[in-house]
Structures are given as C-alpha cells and as structure tokens.
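# Fold and contact review
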Amino acid sequence: MYRTRTMALAAALLMTAGTPARAVATDPTPPIVFVHGNGDSAAIWQTTLWRFESNGWPRARLHAIELPYPLARDDDTVAQAGRTSTAEHMAYLKSEIDKVLKASGAGAVVLIGNSRGGNAIRNYIQTEQASQNGRVNVSHAILGGTPNHGGFAIKGFREGSEFSGTGPFLTGLNAPKNANGDEVAGPVHWMTVRSDSNDKYAQPFVQGAANHGLATNVSYAGPELKGAHNVVIAGIDHRETSFSAPAFAAAYRFITGHAAATDQIVPEAQIELSGSISGLGLHSEDPNGGNYENNLPLAGARLTIYATDSSTGEQGGARLGLARYAHLIGPDGRWGPFKASPGVSYEFEIAARGYATTHIYRSAFPRSSNVVNMHPLRITPEQRAAGAVLTLARMRGYFDAARDQISFDGKPLAGLPPVGALDSESTLVLHEPGTRAVGASFNGERLVGRSWSAAQGHLVVLELTQ
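Quick caveat: nothing in here was measured; it's all calculated off a predicted structure. (Residues numbered from 1 in each chain as written. Predicted model: local features only at pLDDT ≥ 70, side-chain atom pairs only at ≥ 80, totals over all residues. Heavy atoms only, no water.)

Right, let's get into the overall build of the protein chain. If you tally the helices and strands in the protein chain, you get 8 helices and 19 strands. For the protein chain, the C-alpha radius of gyration of 22 Å lies close to 23 Å, the compact-globule estimate for 466 residues. Taken along its principal axes, the extent of the C-alpha atoms in the protein chain is 70 × 50 × 45 Å. Residues counted as buried form 56% of the 466 residues belonging to the protein chain. Carbon together with sulfur atoms contributes 55% to the accessible area of the protein chain, which is approximately 18,800 Å² in total. The centroid of the 39 positive side-chain charges in the protein chain is displaced by 4 Å from the centroid of its 40 negative side-chain charges. (Helix = DSSP H or I, 4+ residues; strand = E, 2+ residues; numbered from the N terminus. Rg over C-alpha atoms; globule rule 2.2 N^0.38 Å. Buried < 20%, exposed > 50% of the residue type's maximum accessible area, 1.4 Å probe, protein only. Areas by Shrake-Rupley, 256 points an atom, 1.4 Å probe, with all protein chains shown as cover. Lys, Arg positive; Asp, Glu negative; His and termini not counted. Charge placed at Lys NZ, Arg CZ, Asp CG, Glu CD.)

What follows is the structure in structure tokens.
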C-alpha cells in the first residue's frame with residue numbers, strides 16, 4: 001500500500017538540516033491554525049485534522065481558515081478581481097488568529113501552512129515582530145512546500161508576483177535577520193518540510209506546458225529557510241509536504257518533542273459531518289472575463305446526500321433508498337450536521353442555478369468533520385455533447401505514474417507524465433448512452449460513482465480522501 005511504501009522511504013531517507021535548539025510547546029495541546037494554499041479551502045486539511053484528533057488533540061483547538069478569495073494576484077501591487085494581495089492575505093490570517101486566541105484563552109498559537117499559506121504565515125510573523133518589538137503570539141511555524149525562494153527566480157520575469165524569488169515580497173521576507181544571515185528569527189520555532197525532488201514548484205526547470213524547460217534558478221531545496229529546522233521527505237509531492245502521514249509525524253514531533261502515538265486516522269463510532277457550499281468554483285467565470293476560484297457562500301444551492309453501494313458490481317455507486325439528508329444553503333453557506341454511518345460511502349448532489357448538477361462521490365468517512373466543503377461545477381458546451389463527464393480528484397496530493405497505483409474506469413490515468421507529480425485531477429469523457437458504474441482506485445482507496453448524463457446537465461466527481 002502507498003502508506004507502507006511512503007513510511008518506509010521516510011524512515012530511510014528523512015533528512016534534516018539547520019536544526020537549532022528548540023523548546024517544546026509549554027501547552028501540551030496548543031491551538032493550531034492551519035493555512036491552506038493557493039486556490040484551496042479549509043477542506044484540504046481534513047485528514048491532517050483527523051490525525052491530530054487521533055492523537056488526543058481537542059477538536060476545538062484545531063482551526064482551519066478559509067480565505068474567501070484564495071488565489072494570489074498575478075502582480076501583487078495591482079488589484080485583480082477575485083484575488084488577494086499578500087497584505088489582504090496577512091490581514092485575514094491576523095483576524096483569524098485573534099479569534100482563536102480569544103476563544104481558546106491561549107497566549108500563543110501554532111501556525112501550519114501549505115504552499116502559499118506559508119507566505120501569509122511568514123508575512124504575519126515578520127510584520128508583528130516589527131511592530132511589537134520582536135514579540136509575536138506564535139510559538140511554532142511549520143511550512144509545507146512553501147516556495148520560500150520562489151517558484152522561479154528570474155530577474156525581470158514577473159517580479160511583481162509573490163512567487164518570484166527575485167521580487168520585493170520574497171526578498172523582503174528572506175532578508176537576513178541576524179549576523180548569521182538567518183532568514184527566520186525567534187522566539188518562533190520554525191520548521192520547513194519539502195520533497196527531495198518531486199515538488200512541482202521547487203524544480204530547476206519549469207514543468208508543464210507554459211514556459212516548459214525554462215530555467216527557474218530555484219533548486220529542490222527552495223522551500224528551506226536558513227535558521228529553520230528543515231525536513232526532507234523522499235518521494236512526496238507538493239501537497240504531501242503538509243497532508244501526508246510522514247509530514248504529520250514530523251510536525252507533531254516538532255510541536256510536542258515526541259513521536260505521535262499513531263500517524264493513522266483512528267475511526268470514530270459516531271460520525272457527524274458538516275461543511276460549506278462555495279460559489280463559483282473551478283470552472284467559474286468572473287464578470288470581467290477572468291477565471292478564478294473562491295470560497296464564498298453559494299446561497300440558494302441545494303445539497304442532497306445519498307448512501308451508495310460501493311461494490312464493484314453492476315449496481316456500484318447506486319443510491320441506497322431515499323436521501324439521507326437535504327438542505328437549502330443559506331447566506332452563510334453552511335450545511336449540517338449530518339449523522340453519517342461508519343463504513344458507508346456517500347454521494348453529495350449539489351444543484352444550483354447556473355451550474356451543472358454536480359455529483360460528488362466520497363468513500364466512507366472514518367471520523368467527524370466540519371470542513372466537508374464543496375462546490376458545484378459549471379458545464380461547457382463541449383461537455384454537454386458527451387455522454388458523461390467524470391473527474392477523479394485528489395485534493396491532498398498529486399498523481400505520479402511512477403510512484404502510485406492508479407486506475408480510472410479500469411484503465412491507467414490518461415495524460416500523466418512517466419515520472420513526476422504534476423496533476424491532481426483526471427477527467428474521463430464517456431461517449432456512450434445510459435448510466436453505469438465507474439470505479440477508480442488510488443493506492444488502495446477505491447471509489448465508485450455513476451456516469452450521469454452530461455447532456456442533461458450533470459457532472460461527476462470522484463473525490464479521493466487520501
């Protein structure tokens with residue numbers, strides 16, 4: 001299984017560099033604020049939250065923020081519809097930290113960020129320290145896959161982007177903090193987690209179609225920070241720097257000073273689910289013509305939940321009886337609570353004006369969660385011409401043909417490069433009449449959905465948990 005292979009690699013190849021003396025958190029379970037990355041939502045932290053809970057962390061002390069407009073501007077200094085500047089991102093994080101401190105009564109929080117989330121964390125801490133004579137209400141900062149030296153560092157090339165290693169934002173964050181030239185400063189205890197060579201945003205050459213092969217002037221070690229405790233885990237991808245079991249184990253040890261009792265998710269007997277339905281989503285359109293994602297409430301959407309048959313037979317993915325839950329989404333975007341049954345797979349159907357009726361299939365939930373956040377998709381004319389359109393989505397990682405065992409409708413994923421983790425979604429288009437079961441598997445996790453008619457305005461997502 002994937003976990004076994006990954007943990008074996010981690011045990012053999014886990015490396016650290018720059019490991020200064022560090023104090024363990026005085027509070028055995030300090031409040032933790034999780035900060036998602038570019039274009040993501042709080043839902044991406046679901047399995048990480050479960051792992052902390054499985055080790056006794058109180059659910060009330062785990063807070064995953066959700067930035068309303070999670071995409072960065074193309075140029076940080078130029079206003080752009082549906083996107084946030086670094087200053088706006090930092091201000092939102094500060095507001096959330098203040099809420100957590102007030103609610104918990106704690107004197108400090110732990111901050112854990114993935115990718116762009118680490119930019120906001122660094123910006124917040126540096127700004128607070130500058131205004132508070134070095135004081136800050138953060139004990140530990142853990143950055144997974146954050147492009148601390150940029151996704152690219154090319155003089156004269158898109159230096160207004162917050163992801164430019166030669167631009168003003170990152171050069172300001174990376175300015176030496178002491179005579180040693182450290183890029184981070186106490187009293188915060190800093191840790192970075194990176195891949196040895198499989199992070200798509202820490203590559204010596206641009207990956208993918210746009211500018212493919214262009215030298216980035218960034219190495220695999222780009223996410224490391226001088227003066228931090230820097231952890232390298234072999235084989236993991238950009239998102240797995242935060243959401244994998246080895247990344248959790250490293251974070252837990254860094255905060256507490258000892259190993260976690262388990263890096264697995266311990267099932268609960270009573271499972272209660274809730275979350276939000278957000279607005280425009282992956283295929284949305286800005287009134288000004290630009291494409292962006294957001295986490296704004298989608299009032300008026302209707303969510304219906306069905307238990308499904310997760311077998312591999314002809315009836316796989318079919319609904320078992322009547323709906324188990326239905327809710328009209330209000331102005332706050334929230335739904336729930338819904339009492340789920342252990343071991344039961346579910347279909348989440350979202351219907352909203354201007355969107356395809358979106359069917360999201362999930363494997364059984366092992367634990368309760370209040371971040372089951374979802375969005376419907378828009379349908380294109382090309383998709384309506386197909387029999388059915390189904391997407392296999394991996395929110396917490398990427399697909400790697402050389403590393404993972406994957407199938408979609410009984411076939412390998414189309415379009416994956418032979419090596420490297422670049423894609424987190426794969427779309428299957430069926431030009432056939434009728435509805436049938438469509439299965440997918442990823443490193444032992446299996447999902448079964450149904451091929452709903454695109455011509456009738458339906459789209460299907462098989463969303464992996466791991």
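Alright, that's what it looks like, and here's the rest.
Let us now look at the nonpolar core. If you look at the biggest cluster of nonpolar residues, it comprises 32 residues, and the most contacted ones within it are L273, W335, F348 and M374. Beyond its immediate chain neighbours, meaning those up to four positions away, M374 contacts S276, I277, S278, L303, W335, F348, I350 and I360. Counting residues in hydrophobic clusters, the runner-up holds 28 residues, among them W45, F52, I236 and M395. (Core = buried A, V, L, I, M, F, W, Y, C linked by side-chain atoms within 4.5 Å. Contact = heavy atoms within 4.5 Å.)

This brings us to the sheet that holds strand β15 (residues 406–408). As summarised here, the arrangement of the 3 strands in space is β15-β17-β18, forming an open sheet in which the pairing is antiparallel. Among the strands making up the open sheet, the edge pair consists of β15 and β18 (445–450). Geometrically, the sheet is characterised by an average inter-axis angle of 15° between neighbouring strands, direction not taken into account. (Pairing = 2+ DSSP bridges. Axes fitted to C-alpha atoms, helices over the stretch in contact; angles between N-to-C directions.)

Taken as a whole and judged by the stated rule, the model has 2 cavities of 30 Å³ or more. Estimated volume of the largest cavity: approximately 80 Å³. Contributing to the lining of the largest cavity are 14 residues, with I112, I142, S242, A247 and A251 lying nearest its centre. Listed by contribution, the elements that provide at least two residues to the lining of the largest cavity are α2 (46–54), β4 (109–114), β5 (138–144), α6 (240–243) and α7 (245–256). For the lining of the largest cavity, a count of residues per class yields 9 nonpolar, 5 polar and no charged. Taken as a whole, the second largest cavity holds about 30 Å³ of empty space. (1 Å grid on protein atoms, 1.4 Å probe; cavity = no way out; pocket = protein on both sides within 12 Å on 5 of 7 lines; lining within 4 Å. Points joined across faces, edges and corners; volume = space filled by probe spheres on them. Nonpolar A, V, L, I, M, F, W, Y, C, P; charged D, E, K, R; others polar.)

Moving on, we come to the pattern of salt bridges. Pairs can form between side chains of opposite charge whenever their charged atoms are close. Counted according to the given criterion, the structure contains 25 salt bridges. A salt bridge links D27 to R61, with the shortest nitrogen-to-oxygen separation between them at 2.6 Å. Of this pair, D27 sits in the loop between β1 (15–17) and β2 (32–35) while R61 sits in the loop between α2 and β3 (62–64), and the two are 34 residues apart along the sequence. When its relative accessible area of 24% is taken as the criterion, D27 is described as partly exposed. Through salt bridges with shared partners, a single ionic network connects D237, E240, R394, R403 and D404. (Salt bridge = Lys/Arg side-chain N within 4 Å of Asp/Glu carboxyl O.)

The next thing to look at is the pairing of strand β13 (residues 357–362). Extensive coverage of β13 is indicated by the burial of 6 of its 6 residues. Burial along β13 is two-sided: T357, H359 and Y361 facing one way and T358, I360 and R362 facing the other are all buried. Inspection of the sheet shows β13 paired to strand β19 (residues 458–464) by 5 bridges, in the parallel sense. Note that in β19 the partner of H359 across the bridge is V460.

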